[in-house]
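Residue-level listing of the chains:
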Amino acid sequence: MAPTHVLRCCQRTLAWIPVIFIAAVVCWSYYAYVVELCLYTIISIGEKIVYMIFFHLFFIMFVWSYWKTIFIQPANPSKEFCLPKVEKERYEKEERPENQQEILWRAATSLPLYTRTGAGAIRYCDRCQVIKPDRCHHCSACDMCVLKMDHHCPWVNNCVGFSNYKFFILFLAYSLLYCLFIAATVLQYFIKFWTNELKDTHAKFHVLFLFFVAAMFCISILSLFSYHLWLVGKNRSTIEAFRAPVFRAGSDKNGFSLGFRKNIAQVFGDQKKFWLLPVCTSQGDGLTFPTRLVSADVEQQATVTLQQEPSKSAVEVPESPVSESQNRLLSSEQNANNVAEHQENNTHTPAESETISISIESES
């Protein structure tokens, strides 16, 4: 039986086959379109120039985004999510799961964690020996924990996550435009070759297959691209679409959704001029994410108590500081909605004045 490292090396080598296949198809499509179609088949000089300009524009953006998707390394949890050496030794020596969870709970008190396992425990990767940040998952193909992991894509031989998800979306967009442009501009010559209106030359084979290949990839890419656009609008990963993240208050598939515009900004950034360029503009660090469920968390709830007092009309609001992590993750839009709801409920003031006491229980 071959050693494990040899098998691992063979597996990594074979994993490049889909990428090599895509690269070969793209190289052939470039030759078939530029040389066989534009140079040998199209007669009009103006048509050649227009086709060549738009073709190279889509080609460059497609190759650029594909390159970035392949070679940008997946982001991993930082050192603060690793157990201290003493705690790690205690964790490994412990045989009882409840004692191991106590160690993890103590280590996670200073970490911005809001998701849990299905059983409500701290998410810990025994393989990487790190406490998993929110939306982080272990990729068995890459053998590492990946921040905001979406899926492992064999066509790019890389794990799609926080560091390259924007590049992956742009790769799908530009590959779709690339194929659509080829199919649309080749169609008339495809029909002419098929009806024998053009001379039967060696370019006929390339033009016919160019249309078939472009149309086939258009159909497959369109469905995948549409699905990921829907995920971006909902601020979900592929993993979260199949298995809703579990928060302290329970599972919620829309726990990270902040509204359509903010969801798009999470992936593409605030500056729209950079949205179509394969450059890093995603918001955040991949370790913490805003969530609309923080204020609904059972450990961080705000309790509102109405008490009637016949002799007072003042509004008493005792101060209670909110932790920094809560402040960062609380959604301003949700707070505005809560204030509007309270005002609507209190429009009818009774004859006797009321005192409203609000107490906020901060996370310990």
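Residues numbered from 1 in each chain as written. Predicted model: local features only at pLDDT ≥ 70, side-chain atom pairs only at ≥ 80, totals over all residues. Heavy atoms only, no water.

Trainee: Explain the side chain of Lys166 here, please?
Mentor: With respect to the helices and strands, the residue Lys166 is situated in helix H6 (residues 165-194). In this structure, Lys166 is buried with no salt-bridge partner, the nearest side chain bearing the opposite charge being Asp270 at 12 Å. Polar contacts involving the side chain of Lys166 include one to the main-chain carbonyl oxygen of Val279, which spans 2.9 Å. Ignoring sequence-local partners within four residues, the contact set of Lys166 consists of Val267, Phe268, Phe274, Trp275, Leu277, Val279, Thr281 and Ser282. (Helix = DSSP H or I, 4+ residues; strand = E, 2+ residues; numbered from the N terminus. Buried < 20%, exposed > 50% of the residue type's maximum accessible area, 1.4 Å probe, protein only. Lys, Arg positive; Asp, Glu negative; His and termini not counted. Salt bridge = Lys/Arg side-chain N within 4 Å of Asp/Glu carboxyl O. Polar contact = N/O pair within 3.5 Å; in protein donor to acceptor, adjacent residues only side chain to side chain. Contact = heavy atoms within 4.5 Å.)

Trainee: Honestly, the sheet that holds strand S8 (residues 246-247) in this entry has me stumped. Any pointers?
Mentor: Within a beta sheet, neighbouring strands are joined by backbone hydrogen bonds and run either parallel or antiparallel to one another. In spatial order, the strands read S1-S8-S9; together these 3 strands make up an open sheet with antiparallel pairing. The open sheet is flanked by strand S1 (115-116) and strand S9 (250-251), the only strands paired with a single partner. Pairing geometry for S1 and S8, over 2 bridges, is antiparallel. By the bridge assignment for S8, Thr115 is matched with Phe247. (Pairing = 2+ DSSP bridges.)

Trainee: Looking at this model, I keep getting lost on the packing of helix H2 (residues 17-39) against helix H3 (residues 45-71). Mind explaining?
Mentor: Put simply, H2 and H3 touch, their axes get as near as 11 Å, and they point 170° apart. In terms of orientation, H2 and H3 fall into the roughly antiparallel class. Of the residues in H3, those in contact with Val19, Ile22, Val26, Ser29, Tyr30, Tyr33, Val34, Cys38 and Leu39 of H2 are Lys48, Tyr51, Met52, Phe55, His56, Phe59, Phe62, Tyr66 and Ile70. When grouped by side-chain class, the residues that make up the contact of H2 with H3 number 15 nonpolar, 2 polar and 1 charged. (Axes fitted to C-alpha atoms, helices over the stretch in contact; angles between N-to-C directions. Parallel < 35°, antiparallel > 145°, perpendicular 65-115°, else oblique. Nonpolar A, V, L, I, M, F, W, Y, C, P; charged D, E, K, R; others polar.)

Trainee: Would you mind showing me how to read the UniProt feature "transmembrane region" (unreviewed entry) in the chain here?
Mentor: Within this numbering scheme, the UniProt entry marks residues 14-43, 49-67, 167-191 and 203-227 as carrying the feature "transmembrane region" (unreviewed entry). Its end C-alpha atoms 43 Å apart, residues 14-43 is made of 80% helix and 0% strand. In residues 203-227, helix accounts for 100% and strand for 0%; the two terminal C-alpha atoms are 36 Å from one another. (UniProt positions renumbered as here; feature names shortened; annotations may be inferred.)

Trainee: Is there a simple way to explain the nonpolar core in this structure?
Mentor: Nonpolar side chains in soluble globular proteins tend to end up buried together. Grouped together as the largest cluster of nonpolar side chains are 53 residues, with contacts concentrated most on Tyr33, Phe55, Tyr165, Ile182 and Val186. For this core, the secondary-structure elements that each account for two or more residues are H2, H3, H6, helix H7 (203-234) and helix H9 (260-268). The greatest single-element share of this core, amounting to 18 residues, is contributed by H6. In this structure, Val186 is in contact with Tyr33, Leu37, Val207, Leu210 and Phe211, ignoring residues within four places of it in sequence. Listed in part, the 22 residues of the second largest apolar core include Leu104, Cys136, Phe256 and Leu287. (Core = buried A, V, L, I, M, F, W, Y, C linked by side-chain atoms within 4.5 Å.)

Trainee: Got a minute to help me understand the environment of Leu176 in this structure?
Mentor: Here Leu176 shows up in helix H6. Taking the C-alpha atoms as reference points, Leu176 and Ile219, 43 residues apart in sequence, are found 8.8 Å from one another.

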